[in-house]
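# Remarks on the overall topology
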Amino acid sequence: MGDKFGQLKVTVVKGRRLVIRDFKSSDPYVILKLGNQTAKTKVIHSCLDPVWNEEFDFSFSEPAEVLKLQVFDKDRFKADDKMGNAHLSLQPLVASARLRKILGIASEGTTLRKVIPESDNCLAADSSINWVNGEVVQDVWLRLCEVESGDIELKIKLINLPSAAPSK
């Protein structure tokens, strides 16, 4: 692993249009992975548009890693069903944090960068990286892969940034 860069807070906000894996609905939960760190949301029973609003902390290192998530349907008597997966490159978030430091941007609500859907992420729509309350924040909708439909909304905050930029 590389140099420690800061703390990453990921809020799993909600899902929409998730696929049916039981008879009429699903019991979804999300597993997040960043490097060797893992976090899991609670199960929301009988819901295809769940609201979690659960926040998870990850330590964050350089070089920037990829945040991965998997959605599952909780089953009682058999293995949980896959409901899709997604990934998001954290490099734009890290680059925006560095840019903010270099330029000394401190104006509340400043947009640092706009990220568009590409092959290195699963963005469902354009996403802005902003400077909010002393934190670099990105709100994203991720489109689930390997499944008929489904999106997951995340709020990602990069906080506790070191005072000096990592050396190259």
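What you see as residue numbers is a count from 1 along each chain, following the sequence as written. Only residues with pLDDT of 70 or above have their local features reported here, since the model is predicted, and side-chain atom pairs are shown and tallied only from 80 upward, although totals for entire chains, interfaces and linings are computed over all residues. Computation of side-chain values: all heavy atoms of the structure, hydrogens and water removed.

## Description of the overall build of the protein
- Secondary structure elements are taken from DSSP: a helix is a run of H or I of four residues or more, a strand is a run of E of two residues or more, and numbering for both begins at the N terminus. Scanning the protein for helices and strands turns up one helix and ten strands.
- Starting at the N terminus and ending at the C terminus, the protein contains elements arranged as β-β-β-β-β-β-α-β-β-β-β.
- As a reference, a globule follows 2.2 Å times the number of residues to the power 0.38, and the radius of gyration itself is taken over C-alpha atoms. Here the protein has a C-alpha radius of gyration of 17 Å; the compact-globule value for 168 residues is 15 Å, and the two agree.
- C-alpha atoms of the protein, sized along the principal axes, occupy 55 × 30 × 30 Å.
- Counting the 168 residues in the protein, one finds 49% classified as buried.
- For the protein, the share of sequence-separated contacts (at least 6 apart) that also reach a separation of at least 24 residues comes to 59%. Here's how the labels work: a residue is buried when its accessible area is under 20% of the maximum for its type, exposed when over 50%, partly exposed in between, all with a 1.4 Å probe on protein chains only. Contacts were defined at the residue level, with two residues in contact if any of their heavy atoms lie within 4.5 Å.

## Quick look at the pattern of salt bridges
- Counted as salt bridges are all cases of a side-chain nitrogen of Lys or Arg within 4 Å of a carboxyl oxygen of Asp or Glu. Summed over all chains, the structure comprises ten salt bridges.
- Arg 143 is paired through a salt bridge with Asp 151; the nearest N and O atoms lie 3.2 Å apart.
- Taken together, the shared-partner salt bridges in this structure form one network comprising Arg 16, Arg 17, Arg 143 and Asp 151.

## Digging into the packing of aromatic side chains
- Think of it this way: a Phe, Tyr or Trp ring, Trp meaning its six-membered ring, pairs with another when their centres are within 6.5 Å, and the plane angle makes it stacked under 30 degrees, edge-to-face over 60, tilted otherwise. Taken as a whole and assessed by the stated rule, the structure comprises one aromatic pair.
- An angle of 25° between the planes, with centres 5.7 Å apart, marks the rings of Tyr 29 and Phe 72 as stacked. Placement of the pair is Tyr 29 in strand E2 (residues 28-34) and Phe 72 in strand E5 (residues 66-73), with a sequence separation of 43 residues. In this pair, the class of Tyr 29 matches that of Phe 72, namely buried.
- Both a distance and an angle decide whether a charge sits over a ring: NZ of Lys or CZ of Arg must be within 6 Å of the ring centre and within 35 degrees of the ring normal. The ring of Trp 141 is capped by Arg 16, whose NZ or CZ atom sits 3.8 Å from the centre of that ring.

## Some details on helix H1 (residues 91-103)
- In a regular helix each residue adds 1.5 Å, so 13 residues correspond to 18 Å; H1 covers 18 Å between its end C-alpha atoms and thus fits that length.
- Gly 104 occupies a position one or two residues after H1 and carries a positive phi of about 70°. Expected span of a helix, by definition, is 1.5 Å for each gap between consecutive residues, and there is one gap fewer than residues.

## Quick word on the side chain of Glu 54
- Turning to its location among the elements, Glu 54 is positioned in strand E4 (residues 51-61).
- The charged side chain of Glu 54 is buried without a salt bridge, its nearest counter-charge being Lys 42 at 4.1 Å.
- Side-chain atoms alone can form a polar contact between residues adjacent in sequence; in general such a contact is a pair of N or O atoms within 3.5 Å, and within protein one must be able to donate a hydrogen while the other accepts it. Side-chain polar atoms of Glu 54 contact the backbone nitrogen of Lys 42, separated by 2.8 Å.
- Beyond its immediate stretch of four places on either side in the chain, Glu 54 contacts Val 10, Thr 11, Val 12, Lys 40, Thr 41 and Lys 42. A positive count includes Lys and Arg, and a negative count includes Asp and Glu. His and the chain ends are not counted in either.

## Description of the sheet that holds E2
- Read across the open sheet, the four strands follow the order E3-E2-E5-E6; overall the sheet is antiparallel. In the strand order of this sheet, the two ends are held by strand E3 (37-40) and strand E6 (81-89), each with one partner. The sheet shows a mean angle of 15° between the axes of neighbouring strands, direction not considered.
- Paired strands are those between which DSSP finds at least two bridges. The pairing of E2 with E5 spans seven bridges and is antiparallel. In the sheet register, Lys 33 faces E5, and the bridge partner there is Lys 68. Convention adopted: a line fitted to C-alpha atoms gives each axis, helices being fitted over their contacting stretch, and angles between N-to-C directions are expressed from 0 to 180 degrees.

## A few points about the environment of Thr 111
- Examined against the element boundaries, Thr 111 turns out to sit in strand E7 (residues 110-115).
- In contact with Thr 111, other than residues within four places in its own chain, are Ser 128, Ile 129 and Asn 130.
- A polar atom in the side chain of Thr 111 sits 2.8 Å from the side chain of Asn 130.

## Re the side chain of Lys 9
- With respect to the element layout, Lys 9 can be found in strand E1 (residues 4-16).
- Within polar-contact distance, the side chain of Lys 9 engages the side chain of Asp 57 at 2.8 Å.
- When neighbours within four sequence positions are excluded, Lys 9 is seen to be in contact with Glu 55, Phe 56, Asp 57, Lys 155, Ile 156, Lys 157 and Ile 159.

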